[in-house]
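If you want the building blocks of each chain, they are given just below.
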Amino acid sequence: MTSLCPTASAAAPARRRLSPNAAFLLQASMTLGFLAGSSAPTPFYAIYQKQWGFSATMLTLAFGIYALAVLSALLVGGRLSDHVGRRPILIGAAVAQAVSMGVFATADGLSDLLLARVVQGLSAGAAIAAAGAGLLDIDKGRGAIANSVAPMMGTAAGGLVAGLMIQYLPAPMHLVYALLGSIFVLQGVAVFFMAETAPVRPGAWASLRPRLAVPLAVRGPLLLAAPALVAVWAMAGFYASLGPTLIRSFAGTTSILLGGFALFVLAGSGALAVYLIREASPRALMRLGALALIAGMALVMTAIAHHSVLLFLLGSAVAGLGFGTGFQGALRSVVLLITPQERAGVLSVLFVIAYLAMGLPAMVAGYGVAHQGNIVMTAYEFAGGVVLLALLALLGTARR
């Protein structure tokens with residue numbers, strides 16, 4: 001019957017494919033989920049450090065090695081989905097993420113923690129570029145917004161959910177990873193039913209050569225956006241690595257939930273800002289982001305000096321506004337200029353800058369804490385660096 005009616009046989013697979021809107025939501029949820037997985041271990045670091053007896057330097061290494069793994073994946077495989085399609089990359093990344101959750105759940109030492117972070121980072125790096133490009137394939141305008149909102153929502157949700165599980169549920173260090181692992185498996189299965197948005201093109205092997213080239217049309221906008229990218233992601237890296245320890249040190253509490261809540265306030269306010277101010281121009285967004293970063297860091301430094309948790313959270317919310325608007329402005333100033341076959345490659349370059357900014361300063365800060373023994377002084381130095389970068393971003397917005 002199907003041989004006599006080829007249109008019916010061709011229509012059957014099409015009916016099994018997800019609608020474009022469902023595929024859009026799926027890929028946004030994968031970016032959100034992968035970033036939630038990356039921030040979920042943050043509230044556990046103090047527990048790991050106490051159980052396994054490693055230093056603050058090793059703590060930031062556990063955070064920084066994830067960023068370096070993401071960078072490696074972006075450099076080697078970031079452009080691959082432009083040649084082999086989005087679906088194979090996303091399915092493989094979902095499987096690898098589920099495996100990393102298993103390693104986290106069964107970890108009994110620092111080496112296991114580092115291994116889990118490496119596997120997690122490699123798969124996240126491959127998926128972020130592919131999913132981000134897939135979102136732009138379906139809807140360029142909504143895709144640019146989703147590429148800004150989803151990473152921040154994921155970062156906010158992962159730390160907070162893990163903190164809540166520690167506070168209120170049994171076996172949280174197994175439960176959170178089991179939950180995330182199940183989500184990644186389901187996402188991988190759903191991608192199988194998603195229509196491919198990037199046709200197969202030759203050059204897949206050549207795309208694996210590490211390269212940070214971008215089209216000539218976006219080089220100028222990328223250079224102007226770089227200070228904003230570095231500022232917002234450096235701040236996010238500090239909050240994710242040393243932020244929980246910092247707020248507990250001057251709050252005089254051992255609450256794991258408080259540390260995760262500070263990261264949630266930062267990323268959550270950023271995601272809300274992206275959504276509410278999505279109609280503004282990229283230039284206006286970067287200008288607002290730079291000003292909010294400066295104001296937020298000033299409030300945070302004042303809060304540390306006066307040991308005020310409420311002022312610290314207020315400053316985190318204002319800095320989060322800068323995080324969201326600055327990142328969205330930088331992203332939109334670049335991605336709206338690229339062609340479909342360049343999307344994954346250019347997004348890879350953007351996220352390479354972001355993850356370098358997130359990983360390296362956090363590792364340097366951890367080294368400083370270990371040798372100076374003064375996390376407050378390190379926080380002041382870090383905040384000063386973020387303010388300087390925000391001022392550079394503000395100057396950049398003055399140029400067309």
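Above this text is the structure in question.
This report concerns the structure included in the present document. (Residues numbered from 1 in each chain as written. Predicted model: local features only at pLDDT ≥ 70, side-chain atom pairs only at ≥ 80, totals over all residues. Heavy atoms only, no water.)

**Some remarks on helix α14 (residues 282–306)**
We count it as follows: Only DSSP runs of H or I with at least four residues qualify as helices, and only runs of E with at least two residues qualify as strands; both kinds are numbered from the N terminus onward. For a helix, the expected span equals 1.5 Å multiplied by the residue count minus one. In this scheme, a residue with accessible area under 20% of its type's maximum is buried, one over 50% is exposed, and one in between is partly exposed, where area comes from a 1.4 Å probe on protein chains only. For this analysis, residues touch if any pair of their heavy atoms sits within 4.5 Å.
Compared with the 36 Å implied by 1.5 Å per residue over 25 residues, the 36 Å span of α14 between its first and last C-alpha is a close match. Pro282, Leu285, Met286, Gly289, Ala290, Ala292, Leu293, Gly296, Met297, Val300, Ala303 and Ile304 are the residues of α14 that are buried. Residues of α14 that are buried sit in contact with α11 (216–241), α12 (243–251), α15 (309–335) and α17 (375–397). His307, located one to two residues past α14, shows a positive phi value of around 55 degrees.

**Side note on the packing of aromatic side chains**
For clarity, the cut-off: Centres within 6.5 Å are what make two rings of Phe, Tyr or Trp a pair, Trp counting through its six-membered ring; a difference in plane orientation under 30 degrees is then read as stacked, over 60 as edge-to-face, and the rest as tilted. Here, a charge over a ring means that NZ of Lys or CZ of Arg falls within 6 Å of the ring centre while also lying within 35 degrees of the ring normal.
For the structure on display, the rule yields nine aromatic pairs. Ring geometry for Phe34 against Phe184: centres 5.2 Å apart, planes inclined by 90 degrees, an arrangement best described as edge-to-face. With Phe34 in helix α2 (residues 20–39) and Phe184 in helix α9 (residues 172–192), the pair connects residues that are 150 residues apart, well separated along the chain. Taken as a pair, Phe34 and Phe184 share a single burial class, namely buried. Feature note: the residues Phe44, Tyr48, Trp52, Phe104 and Tyr177 constitute an aromatic cluster, connected by ring pairs. Its end group placed over the ring of Phe192, Arg87 keeps NZ or CZ at 5.9 Å from the ring centre. Against the face of Phe24 rests Arg142, its NZ or CZ located 4.1 Å from the ring centre.

**Considerations on the pattern of salt bridges**
Applied cut-off: Salt bridge, as used here: a side-chain nitrogen of Lys or Arg that lies within 4 Å of a carboxyl oxygen of Asp or Glu.
Enumeration over the complete set of coordinates arrives at two salt bridges. One salt bridge connects Asp137 with Arg86, and the closest N-O pair in it is separated by 2.8 Å. Taken together, the positions of Asp137 in helix α7 (residues 110–138) and Arg86 in helix α6 (residues 86–106) put the pair 51 residues apart, joining distant regions of the chain. Under the relative-accessibility criterion, Arg86 is labelled buried at 1%. Note that Asp139 and Arg142 form a salt bridge whose closest N and O atoms lie 4.0 Å from each other.

**What to know about the packing of α12 against α17**
This is how it is decided: Inter-axis angles, ranging from 0 to 180 degrees, are taken between N-to-C directions of lines fitted to C-alpha atoms, where helices are fitted over the stretch in contact. What sets the label is the angle itself: under 35 degrees gives roughly parallel, over 145 gives roughly antiparallel, 65 to 115 gives roughly perpendicular, and the rest give oblique. Should the near helix be turned anticlockwise from the far one by less than a right angle, the crossing is termed left-handed; should it be turned clockwise, right-handed. Residues were grouped as follows: Ala, Val, Leu, Ile, Met, Phe, Trp, Tyr, Cys and Pro as nonpolar; Asp, Glu, Lys and Arg as charged; and all remaining residues, including Gly, as polar.
Between α12 and α17, the shortest axis-to-axis distance is 10 Å and the interhelical angle comes to 125 degrees. Regarding the angle of α12 to α17, the classification is oblique. The handedness of the crossing between α12 and α17 is left-handed. Residues Thr245, Leu246 and Ser249 of α12 touch α17, and the partners they reach there are Ile375, Val376 and Ala379. Tallied by class, the residues present in the contact of α12 with α17 amount to four nonpolar, two polar and no charged.

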